[in-house]
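Structure at a glance
Here is how the chains run, residue by residue.
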Amino acid sequence: MEENRKYVKFTHSFEDPWAGESAEDAKAVSVTFRFAKPTKTQIQRLQDKAAKNSSQASRNLLLDVIHPEEREELMEKMEEYPGIATSFATAIIRGVGISAELGN
């Protein structure tokens, strides 16, 4: 089933102020991974778990939809930069129509 899934690249870029000698020496970080479109079941699982532990729900979704060849690297980057789980998960769920901005 994995070979039939379409994977799309998502890139997240930010500054790491702890990487340099001072905050002014922040290191530019850019990470790119390929993700498949989540299924209805995966979105439902995310929504069910998010109320109790949103960061774990985001991690679980990403690990479900990451390209298999990039899974290990994603796990390493999430250890180094825990916030990327929420950033990538937010981008993915927006891509399937979930947004808090409706009507704004």
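Scope of this entry: the structure provided in the associated data block. Just so it is clear, the model here is predicted, and its values are computed rather than measured.

If you tally the helices and strands in the protein, you get four helices and two strands. Along the protein, helices (α) and strands (β) appear in the sequence β-β-α-α-α-α when read from the amino end. The dimensions of the protein, computed from C-alpha atoms along their principal axes, are 45 × 35 × 25 Å. A fraction of 59% describes how many contacts in the protein between residues 6 or more apart in sequence connect residues 24 or more apart. Carbon and sulfur atoms make up 48% of the accessible area of the protein, which amounts to about 7,200 Å² in all. Between the averaged position of the 14 positive side-chain charges in the protein and that of its 17 negative side-chain charges there is a distance of 11 Å.

With that out of the way, let us pick up the side chain of His67. Looking at where His67 falls in the secondary structure, it is placed in the loop between helix 2 (54-65) and helix 3 (71-80). According to the relative accessible area criterion, His67 is buried, its value standing at 13%. In this structure, His67 is in contact with Tyr7 and Arg34, ignoring residues within four places of it in sequence.

The next point concerns the nonpolar core. Core analysis: the largest hydrophobic core is formed by 24 residues, its most contacted members being Phe35, Leu62 and Leu74. Going through the elements one at a time, strand 1 (7-16), strand 2 (27-36), helix 1 (40-50), helix 2, helix 3 and helix 4 (84-95) are the ones with two or more residues in this core. With six residues, the single largest contributor to this core is helix 4. Other than its neighbours up to four places away in sequence, Leu62 contacts Phe35, Leu74, Met78, Ile84, Ala85, Phe88, Ala89 and Ile92.

The next thing to look at is the packing of helix 2 against helix 4. Remark: helix 2 packs on helix 4, axes separated minimally by 9 Å, with the N-to-C direction vectors making an angle of 65 degrees. Pair helix 2 / helix 4 crosses with left-handed handedness. Contact residues: Ser58, Arg59, Leu61, Leu62 and Val65 in helix 2; Ile84, Ala85, Thr86, Phe88, Ala89, Ile92 and Ile93 in helix 4.

Another point: the packing of aromatic side chains. Inspection of the entire model under this criterion finds five aromatic pairs. With 5.1 Å between their ring centres and 80 degrees between their planes, Phe14 and Tyr81 make a pair best called edge-to-face. A residue pair is termed long-range when its members are at least 10 positions apart, and Phe14 in strand 1 and Tyr81 in the loop between helix 3 and helix 4 qualify at 67 residues. Accessibility assignment for this pair places Phe14 and Tyr81 in one class, buried.

Cut-off values and rules
- Residues numbered from 1 in each chain as written.
- Predicted model: local features only at pLDDT ≥ 70, side-chain atom pairs only at ≥ 80, totals over all residues.
- Heavy atoms only, no water.
- Helix = DSSP H or I, 4+ residues; strand = E, 2+ residues; numbered from the N terminus.
- Contact = heavy atoms within 4.5 Å.
- Areas by Shrake-Rupley, 256 points an atom, 1.4 Å probe, with all protein chains shown as cover.
- Lys, Arg positive; Asp, Glu negative; His and termini not counted.
- Charge placed at Lys NZ, Arg CZ, Asp CG, Glu CD.
- Buried < 20%, exposed > 50% of the residue type's maximum accessible area, 1.4 Å probe, protein only.
- Core = buried A, V, L, I, M, F, W, Y, C linked by side-chain atoms within 4.5 Å.
- Axes fitted to C-alpha atoms, helices over the stretch in contact; angles between N-to-C directions.
- Left-handed = near helix turned anticlockwise from the far one by under 90°.
- Phe/Tyr/Trp six-rings, centres within 6.5 Å; stacked < 30°, edge-to-face > 60°.

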